[in-house]
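Residue-level structural notes
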Amino acid sequence: MTKTAFLRPRSATAAPMESFAGLLREWLPEQRWFAGKDRPVTDLHVLSLTELFPGCLHLLVHAGHGGVPSPGNTPWAGDCYQLLLGVREHPAPHLGRAVIGRVQDGPLAGRTVYDALHDPRSAQLLLERLRHPGAVGPLRFEGDAARRVPAGLVPRLLDAEQSNSSLVYGDEFILKVFRRIQPGVNPDLEVPGALARQGCHRVPAPVAWLRTTHPFRATLGVLQPFLRDASDGWTLALEALAAGDDFTAQSYALGRATADVHLALGTAFPVGGPGENGPTAEGMTERLTAAAHSVPVLQPFVPGLRAAFSALATCDPGPPVQRIHGDLHLGQVLRAGHDWFVIDFEGEPSRPLSERRSAHSPLRDIAGMLRSFDYAARQRRPWRPEWARACREAYCAGYAARAGWDPREKHGLLRAYETDRAVYEVLYEARHRPDWLPVPMAAIERLAVRGD
Ligand SMILES: Nc1ncnc2c1ncn2[C@@H]1O[C@H](COP(=O)(O)OP(=O)(O)O)[C@@H](O)[C@H]1O
Ligand SMILES: O=P(O)(O)O[C@H]1O[C@H](CO)[C@@H](O[C@H]2O[C@H](CO)[C@@H](O)[C@H](O)[C@H]2O)[C@H](O)[C@H]1O
């Protein structure tokens, strides 16, 4: 199960000579963060182009898929992506696979373009811009005046499997450059900022950020403190499994940390109200229908899965809805020292921003984490259902100890949210990592047939 299969190596000498748009049309679908892999890019045009500094262009491009709108992303069909492109007369060897190609015609004719985030010089200049708030064309560099970012921090691009691109500066700060851009404030800036103002220590607070005003207002990137020596929950869980270690104490602490974040979110965004099971079941059923249409292996399980959603009619509405994390799993939590921290408040990247910023049941996050223990336990053969079960129990117990209500007592709701999450995972894996599809499919079978 390789995580970087989409990063096909390119070399500067083998770079094709093509039109600028032609080069991008070929390069974009190869990127891990490109969302439209299941549909060909039929048209591509530049929505905004700004010279960030000499030799570095900032672009927002629209990738169209033959008029089929992407769910709720932009008012037009297709998706908008943020690119930072370096432009050089001659390709430099250190750029390796970052080279996109040589442009054949137009104002860039004969030049080589490359992904500037791979170029340490460009990454340094980007941080310089963030250190000095101001505007460049439609771009706005802003920050928390109380936080000082030192000059000269050495950048490195994280080579992880990601929906976005992240640069670490001197192991002190991390800059997340959003790739798929939607109009509006990104919750990964909005939420950590609001939680920091609440004094919640579980979330690294934004230090500086980049946004645009054209062709619409949107958040483009966020700089936050880098948690040095932290390990993510996914790595820790896999290490524990490999060593045959128990992971229940960590799971319990993670449950408490999740409840802390939910409590702080409830205070920072007082949007609550009772959950309404009718509309919740309707939304889940619609997502299931759409997913089964895209991923036909789901189809035989649809009746069993629908049962989990229709059973909501007889469940109590559960805890009040509120702002939540929206895509909580073991890869979104970092253990540093003895504490768990929560990162990446963007929500599920394929969902519209308005939906990701609205109130949901906290059970949705809890279900996401419960699914993640199952994912981890299935990484080894023979798979370890009892390991996952013990973690799930401990996580819920930790959550209950802090939140004052026990997720295990909301069995019907939890089953529906777990089912909804597993359906999302099937879609995600089919699109991004087809080798992983059996992992959520095993849960689909369990939830559809046995219902537990
Ligand atoms: N504040 C931080 N401190 C240390 N590592 C971080 C921090 N934020 C993110 N990371 C690392 O960067 C990775 C990607 O970050 P994330 O926000 O999840 O990006 P994406 O949305 O692209 O998945 C995380 O898995 C984690 O390893
Ligand atoms: O971290 P992202 O915001 O990019 O989240 C997306 O990618 C995740 C994979 O990296 C995906 O998570 C799924 O795989 C994880 C193991 O790699 C597992 O722990 C999660 O439980 C499972 O959902 C996530 O769904 C997707 O939104």
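Residues numbered from 1 in each chain as written. Chains lettered and ligands numbered in written order. Predicted model: local features only at pLDDT ≥ 70, side-chain atom pairs only at ≥ 80, totals over all residues. Heavy atoms only, no water.

1. Digging into the overall build of the protein chain
For the protein chain, the count of helices and strands is 12 helices and 16 strands. C-alpha extents for the protein chain along the principal axes are approximately 65 × 50 × 45 Å. Counting over 452 residues, the protein chain shows a buried share of 53%. In the protein chain, of all internal contacts separated by at least 6 residues, the share reaching a separation of at least 24 is 68%. Of the accessible surface of the protein chain, which amounts to about 18,700 Å², a share of 54% is contributed by carbon and sulfur atoms. Distance between charge centroids for the protein chain: 2 Å, based on 51 positive and 49 negative side chains. (Helix = DSSP H or I, 4+ residues; strand = E, 2+ residues; numbered from the N terminus. Buried < 20%, exposed > 50% of the residue type's maximum accessible area, 1.4 Å probe, protein only. Contact = heavy atoms within 4.5 Å. Areas by Shrake-Rupley, 256 points an atom, 1.4 Å probe, with all protein chains shown as cover. Lys, Arg positive; Asp, Glu negative; His and termini not counted. Charge placed at Lys NZ, Arg CZ, Asp CG, Glu CD.)

2. Side note on the sheet that holds strand 7 (residues 134-136)
One open sheet accounts for 7 strands, arranged 7-8-12-13-11-10-9; its pairing is antiparallel. At either end of the open sheet lies a strand with only one pairing partner, and these are strand 7 and strand 9 (155-157). Ignoring which end each strand starts from, the neighbouring axes of this sheet average 20° apart. Alignment of strand 9 against strand 10 (residues 165-169), held across 3 bridges, turns out to be antiparallel. By the bridge assignment for strand 10, R156 is matched with V168. In the packing of helix 2 (residues 120-131) onto the sheet, contacts are made with strand 7, strand 8 (139-143), strand 9, strand 10, strand 11 (173-177), strand 12 (208-212) and strand 13 (218-225), and the angle to strand 10 comes to roughly 80°. (Pairing = 2+ DSSP bridges. Axes fitted to C-alpha atoms, helices over the stretch in contact; angles between N-to-C directions.)

3. Points about the nonpolar core
Counting 67 residues, the largest nonpolar core has L195, F247, L298, L305, F373, W387 and I444 as the members making the most contacts within it. At 9 residues, helix 9 (residues 362-377) tops the list of elements feeding residues into this core. Residue-level mapping places this core at the junction of two domains, with at least three residues from each of domain 2 (124-225) and domain 3 (231-450). Counting 34 residues, the second largest nonpolar core, distinct from the first, contains L153, V177, A208 and L220. (Core = buried A, V, L, I, M, F, W, Y, C linked by side-chain atoms within 4.5 Å. Domains from an automatic or database assignment.)

4. A look at the confidence of the model for the protein chain
Looking at the protein chain as a whole, the pLDDT averages 91, with 93% of positions reaching at least 70. For residues 1-15, every residue scores under 50 in pLDDT, and the model assigns this stretch 33 contacts once sequence neighbours within four places are set aside. Scored as a whole, the predicted complex attains pTM 0.91, and scored at its interfaces, ipTM 0.98. (pLDDT = per-residue confidence, 0-100.)

5. A few points about the pairing of strand 8
In this structure, strand 7 lies alongside strand 8, joined through 3 bridges in antiparallel fashion. Directly across from V136, in strand 8, lies its bridge partner L139. Between strand 7 and strand 8, which pair antiparallel and follow one another directly, the connecting turn spans 2 residues, one of which, G137, has a positive phi of 55°. Here strand 8 pairs with strand 12 via 5 bridges, running antiparallel. Its bridge partner lying in strand 12, G143 is registered against A208.

6. Description of the packing of helix 11 (residues 411-432) against helix 12 (residues 438-450)
The contact between helix 11 and helix 12 brings their axes to 9 Å, and the two run at 145°. By crossing handedness, the relation of helix 11 to helix 12 is classed as left-handed. Listed contacts from helix 12 to R415, E418, T419, A422, V423, E425, V426 and E429 of helix 11 are P440, M441, A443, I444, R446 and L447. Looking at the contact of helix 11 with helix 12 residue by residue, the class counts come to 8 nonpolar, 1 polar and 5 charged. (Left-handed = near helix turned anticlockwise from the far one by under 90°. Nonpolar A, V, L, I, M, F, W, Y, C, P; charged D, E, K, R; others polar.)

7. A short note on the pairing of strand 4 (residues 79-88)
Here strand 4 lies mainly inside the structure; 9 of its 10 residues are buried. In terms of strand pairing, strand 3 (residues 56-64) meets strand 4 through 8 bridges, oriented antiparallel. Paired with L60 across the two strands is Q82, which belongs to strand 4. Bridge count between strand 4 and strand 6 (residues 112-115): 4 bridges; the pairing is antiparallel. By the bridge assignment, L85 is partnered in strand 6 with D115.

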